[in-house]
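# Residue-level structure breakdown
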Amino acid sequence: MPKAEITIKVRAREDFVPVRSFLTIIESTLSILKELEHARHYVSAEWKVSAASLQSPLTFTIGCDDPNGQELVREYLGVFEETEKSEKLPPDRWTQKTLEGAKRVVSVLNDGVA
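Throughout, residues of each chain are indexed from 1 in the direction in which the sequence is written. Totals for whole chains, interfaces and linings use every residue, but because this is a predicted model, local features are given only for residues with pLDDT of at least 70 and side-chain atom pairs only at 80 or more, for both listing and counting. Only hydrogens and water are set aside when side-chain values are computed; all heavy atoms of the structure are taken into account.

### So, the nonpolar core
Counting residues in each nonpolar core, the largest one holds 25 residues, and the members touching the most others are Ile6, Ile8, Val10, Ile32, Leu33, Trp47 and Tyr76. For this core, the secondary-structure elements that each account for two or more residues are strand S1 (4–10), helix H1 (19–39), strand S3 (58–64), helix H2 (69–85) and helix H3 (96–107). Once residues within four sequence positions are removed from consideration, Leu33 is found in contact with Ile6, Trp47, Ile62, Leu72 and Tyr76. Here, the term nonpolar core denotes a set of buried Ala, Val, Leu, Ile, Met, Phe, Trp, Tyr and Cys residues that are joined through side-chain atoms within 4.5 Å. Each residue is placed in one exposure class: buried if its accessible area under a 1.4 Å probe, protein chains only, is under 20% of its type's maximum, exposed if it is over 50%, and partly exposed if it falls in between. Comment: elements are numbered from the N terminus, with helices defined as DSSP H or I runs of at least four residues and strands as E runs of at least two. When checking whether two residues touch, look at their non-hydrogen atoms; a contact exists if any pair is within 4.5 Å.

Here it is as structure tokens:
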């Protein structure tokens, strides 16, 4: 079992989750994690799919065994918690690339994903 994990649940608004939306979530999540690693000068962790379910909601879990993995997961979740709380993001806390990745993840809510 990985030392650190992120579980993401995706529910379709209608019958199916659009593939493009699913890929956007995965690609953007990995991009955010890599950007957080880079900002902290960590060695790049190898994130792997550790669990998945095709039942509704579509659920997948990615994890890593990196010693800094849990800190990265907390920071990843913090990006979304902060964006949810405030319209104005603290620019000194995250890079522009990290914030753009978070916006891409949230953008799929307008593309058939609930």
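After presenting the structure, the write-up continues.
### Examining the pattern of salt bridges
A pair is scored as a salt bridge if a Lys or Arg side-chain nitrogen falls within 4 Å of a carboxyl oxygen belonging to Asp or Glu. As enumerated under the stated definition, the model contains 3 salt bridges in all. With a shortest N-O distance of 4.0 Å, Arg20 and Glu27 are connected by a salt bridge. The closest approach of N and O atoms between Glu37 and Lys34, which form a salt bridge, is 3.7 Å. Linking Glu37 with Lys34, this pair stays in helix H1, spanning 3 residues, or about one helical turn. The exposure class of Glu37 is buried, given its relative accessible area of 2%.

### Some points on unusual backbone geometry
The omega torsion across Ser56 and Pro57 is 0 degrees, close enough to zero to call that bond cis. Along the chain, Pro57 turns up in the loop between strand S2 (48–53) and S3. One non-glycine residue with positive phi stands out, namely His41, at about 60 degrees. Secondary-structure assignment places His41 in the loop between H1 and S2.

### Details of the sheet that holds S3
Two strands are counted as paired when DSSP detects at least two bridges linking them. Taken together, the 3 strands give an open sheet; going across it, the order is S1-S3-S2, and neighbouring strands pair in antiparallel fashion. In this open sheet, the two strands that pair with only one neighbour each are S1 and S2. Put simply, the sheet's adjacent strands are angled 20 degrees from each other on average, direction ignored. Judged from the 7 bridges that link them, S1 and S3 form a sheet pairing that is antiparallel. Bridging from a neighbouring strand, Glu5 pairs with Gly63 of S3. Angles here are taken between N-to-C directions and fall from 0 to 180 degrees, while the axes themselves are lines fitted to C-alpha atoms, restricted in helices to the stretch in contact.

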